[in-house]
Amino acid sequence: MATTVEGSVGKWRLIWPFFLIFGFHSLAIFLFTRGFLLTRTELSSYSNCSDLSFSPCAFQNPPPPPPPVNSTTAPHPPNPPDSYCWTRPAVDRLVIIVLDALRFDFVAPSTFFEEKKPWMDKLRVLQKLASGERSSARIFKAIADPPTTSLQRLKGLTTGGLPTFIDVGNSFGAPAIVEDNLIYQLAKNGKRVLMMGDDTWIQLFPEHFQKSYPYPSFNVKDLDTVDNGVIDHLLPSLYKDDWDILIAHFLGVDHAGHIFGVDSTPMIQKLEQYNSILESVVDVLKNLSSPGGIHENTLLLVMGDHGQTLNGDHGGGTAEEVETSLFAWGPRSPPSSVSSILDANICTLDLDGEKMCVGTLQQLDFAVTIAALLGIPFPFGSIGCVNPELYALSAGTWDRRRMRSDVSALWSDLEAWIQNYAKVLCINSWQVKRYIDLYSTTSVIGLPVEDLHHVEELYKRAQANWSSVLNTICLSESGVHDEILDSSVSALQWHVKAYSSFLGSVAKLARSAWTEFNLPLMGTGLSFMLASILIHIFTVRRVHSFCQPYLLEQPSSGILVRFMCAFILVAIRAVTFLSNSYILAEGTVANFLLATTAIGNVWRSMAIGKLGTDELVFLILNIIIRFGIGFGTSKQTAGFVSFLGIDERHHLWMVFLDILPIIFLALLAVLLYKSISCIHCGRYLMCSMITATVFCYILIAAHWISESWTMVNSPAVQDIGRNLAPQLVYAIGFGLLILSVFCRIWDMKESSNATERLTVSTVAMLSTWSSTILLLLGRQGPFVAIISVIGAWCIIRSQKEGWRASLGGLVHDPVSVTQWSLLAVCLFYFSGHWCAFDGLRYGAAFIGFDQFNIFRQGLLLAIDTFGVSHILPIVSLPFLITFQYHSRKNDKVKTAVLLNLTQIFLIYGLATAMTTTLTVICVFIQRRHLMVWGLFAPKYVFDALGLLLTDALICLASLYYY
């Protein structure tokens, strides 16, 4: 059986505190999360046509009979064709083409940017329309609200609200939207909606589409299945008259970004493919837009749901992620007066030397603007503002016959449009005001009273004298005086500004104070975290008291100095989380602290005249890590290619870069063999482990070769390497895990050398996990692994005999454990991860699989994310003591080994708990910070999960190693 602790210290007396601390941390994080990540209250009220009878905005009330106010019942029958709801419809049909992760510079001409990039100017059809038909086509920079995950953006686009941070957790299993939304209003008011593409729409709106062609969207390695499915149905559907709203959601650009990055050949190929598709769509719409044609009054929207970083990721709040594009075009052109509204934008010359202007649109405004154009009620929870540029771009908003404007013939087109737009904004403001009033009275906490008073005053100011403006317009209809006409136009312009100011203030209020924080729950969770720290410290002291009978000598004051050094290192890293800038630079901060310890080791060795190579190697290694963090986030070898200035067209260099990871992989196999060559315990287990691990390395190399673009592969190699080889690696890793646990439980033979048994168990556990983690990390995996092996070896070697003697023999050096922890943090960033949802490497979840399974892909994604930062560092912690008792073989040493290992686990867990506690405190303080959802909340989520994983792994490791 596993080695037990003799004497008065039993094995379970050392193990149960780990589970107690785990329980405290779980309870603390649960309570704090419940208080911090609350979603906004989703009201069950829906907008209805008859609601406008309660509004002071309409010239005359719409015809439908009034149903119950704020009704939550099933959709009402559609209105008669000649009726309308809140606004007169300006558009008959709408084609929405969503290009997922569409960056702004994918659409806007390269002349708008300082430097031209390879991915720019690929969607030329949109640029030519925007410059050649300036009165009916326009490119907009659409600004999304973070977090920029696809589910949240679709929810925000259709509800007109601000989905909260907690919705990110539903990105892989979207629940149906139950609050009022644009799709619901379309179906409710008799609009026939056709959807094709990303199946997330079906999950969000399971019963609202008349016809749909969904395709699975989570396999980011698949660039073509969804797009090809959309292409098969898009063009044929444009010739049919069985729909009113067509939604086509392409995913190729998003997936190409996740796997290859923006600056890649697959990305450019996808953009060129989209350009060809859009050319065909525009041709069909033009051909069928003649008077009486089915697309005579159709509006085309080509838009993105969010942007993406150069690395192809999204989820955060950087400019690259929140800035996407929206292109609008209609076959009919509004009158020339539209230029006075549209040309007040950023304008420059395009590639053809033609003038082009680019507008700006908040995605928050999308739902209410589309509702106003289609003549349906605005979603009840919408807080957006009808965008004047997009609204004016539709010729229907200028058509007096269609809009049935009753204004005097003396009014110009522009003046008539302003009158119509002022009425729309009045309805818009009234809708937002009634939503804010109901939300404040029904939600648990509501909105700040001072802010509510402010927006109330703005609304009263905007609504003041509206009735007199209506009377003035009525007088102008009889053509009494030109002065009355001019006065009414000026009044309408003033009201437009006032309503816009009110709506802008409400949006600003929502962005700053939307989330409801339950301070009692947050405070209770923080209290439990602080209590867990005290329990942790008490446990460390308790284990130290167990060590007293085994000490070679009483510890000197050096132990206090070392503990203070370790505490300062952890504290400095933790307090930096108060700054959003330092959160972004966390990897660099951890590397700086680790390099500081390396310089301290060099200085100490020079002081005693025994400067060793391990101190210098560790210092050089930190320099490598520092540069590696800078480009470690690049896709596969792209970061090294750009860093070294290698041209991808040089075939030999690219082949060398493909072979280099395999060379490192072979080097790892040699290091593994060397590590067990001197072990005499468990030879059969070690031989099995090394054989299985080397075989896994061969399978990993085969997988890389099968996916290489520079090597010619036969179909058999591709079939085996693409999915079969990774699946065999996973299966072998799981089999090794079962074998190592089985051998640990049933090995009844007591070894005379406890350290050697501990080494065997540690090597076995590393072999179990290493193959899977290396495979998921990609081609950078072997290099990261070698860096970690060298770093760990240097930390182990830095524990000089003199320090161990001065610390009292059994008391372990806390600085070395802190170095181990800091190295794990550095490797997290070095391997291309960071604490944000756009830092998740979704492509790793599909290595070996083409189909999506939330549990399987979730597990692989978790292993990839926390493999080098949590799993491997914790299971390898016993190496810190294997050299201390290498030559001792008495029973007393068996107890000393476990006591020393317990100290290491406790110190490592304490360092993690302290940083997480500071993260909790920082989040509590910064809960109203502008970047709370973009930076602080993701950091909290990653640290909280990391702490729970650390506790769980330590608990399991104690059961396994003890």
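Residues numbered from 1 in each chain as written. Predicted model: local features only at pLDDT ≥ 70, side-chain atom pairs only at ≥ 80, totals over all residues. Heavy atoms only, no water.

**Brief notes about the environment of Ser394**
The line we're drawing: The way it works is that DSSP assigns letters per residue, a run of H or I at least four long becomes a helix, a run of E at least two long becomes a strand, and they are numbered from the N terminus. Buried, partly exposed and exposed residues are distinguished by accessible area as a fraction of the type maximum, computed with a 1.4 Å probe on protein chains only: under 20%, between the cut-offs, and over 50%, respectively. Contact definition: two residues touch when any of their heavy atoms are within 4.5 Å.
Mapped onto the secondary structure, Ser394 falls in the loop between α13 (388–393) and α14 (400–403). Look at Ser394 and you get buried, because its relative accessible area is 4%. With 96 residues separating them in the primary sequence, Ser394 and Thr298 have C-alpha atoms 9.1 Å apart. Residues in contact with Ser394, not counting those within four places in the same chain, are Ala90, Val91 and Leu373.

**So, the sheet that holds strand β7 (residues 323–329)**
Heads up, the condition is: Following DSSP output, two strands are said to pair if at least two bridges run between them. Fitted lines through C-alpha atoms give the axes, limited to the stretch in contact for helices. The angle between two N-to-C directions lies from 0 to 180 degrees.
The sheet built from 9 strands is open, its strands ordered β4-β3-β5-β1-β6-β7-β2-β9-β8 with mixed pairing. Two strands bound the open sheet, and with one partner strand each, they are β4 (211–215) and β8 (346–349). Within the sheet, the average angular offset between the axes of one strand and its neighbour, ignoring direction, is 15°. Where strand β3 (residues 193–198) and β4 come together, 5 bridges link them in parallel fashion. The residue of β4 that forms the bridge with Gly197 is Pro214. Docked against the sheet, helix α7 (residues 225–238) engages β1 (93–99), β3, β4 and β5 (245–250), running at close to 155° with respect to β5. Docked against the sheet, helix α12 (residues 366–374) engages β1, β5, β6 (298–303), β7 and β9 (355–362), running at close to 170° with respect to β6.

**Comments concerning the pairing of β3**
Of all 6 residues that make up β3, 6 are buried, and the element is covered over most of its length. Note: β3 against β5, 5 bridges, orientation parallel. Opposite Met196, over in β5, you have Ala248 as the bridge partner.

**Re the state of the cysteines**
Stated formally: Any two cysteine sulfur atoms lying within 2.5 Å of each other are counted as a disulfide.
Per the stated rule, a full pass over the model turns up 2 disulfides. Two residues, Cys49 and Cys85, share a disulfide whose sulfurs are 1.7 Å apart. Here the residue Cys49 occupies a position in the loop between α1 (11–36) and β1, and Cys85 occupies one in the loop between α1 and β1, the gap between them amounting to 36 residues. Given the relative accessible area of 8%, Cys49 is considered buried. For Cys85, a relative accessible area of 1% puts it in the buried group. Covalent S-S linkage joins Cys57 and Cys426, the inter-sulfur distance amounting to 2.1 Å. The sign of the -75° torsion about the S-S bond sets the Cys57-Cys426 disulfide as left-handed.

**Here's the deal with the packing of aromatic side chains**
Short version of the rule: Two rings from Phe, Tyr or Trp (for Trp, the six-membered ring) form a pair when their centres sit within 6.5 Å of each other. Planes less than 30 degrees apart are called stacked, planes more than 60 degrees apart edge-to-face, and all others tilted. Criterion for a charge above a ring: Arg CZ or Lys NZ at most 6 Å from the ring centre, at most 35 degrees from the ring normal.
All chains considered together, the criterion is met by 24 aromatic pairs. Ring plane angle 85° and centroid distance 5.8 Å describe the contact between Phe36 and Tyr940, whose orientation is recorded as edge-to-face. One end of the pair, Phe36, is in helix α1; the other, Tyr940, is in helix α34 (residues 932–961), and 904 residues separate them in sequence. Each member of the pair, Phe36 as well as Tyr940, carries the same accessibility label: buried. Judged by centre distance (5.2 Å) and plane angle (55°), the ring pair of Tyr459 and Phe502 falls under tilted. Of this pair, Tyr459 sits in helix α16 (residues 449–463) while Phe502 is found in helix α18 (residues 482–513), placing the two residues 43 residues apart along the sequence. Neither Tyr459 nor Phe502 differs from the other in exposure class; each is buried. An aromatic cluster is built from Tyr391, Trp398, Trp417 and Tyr421, whose rings are joined through pairwise contacts. Over the ring of Phe104 we find Lys141; its NZ or CZ atom is 4.9 Å from the centre of that ring.

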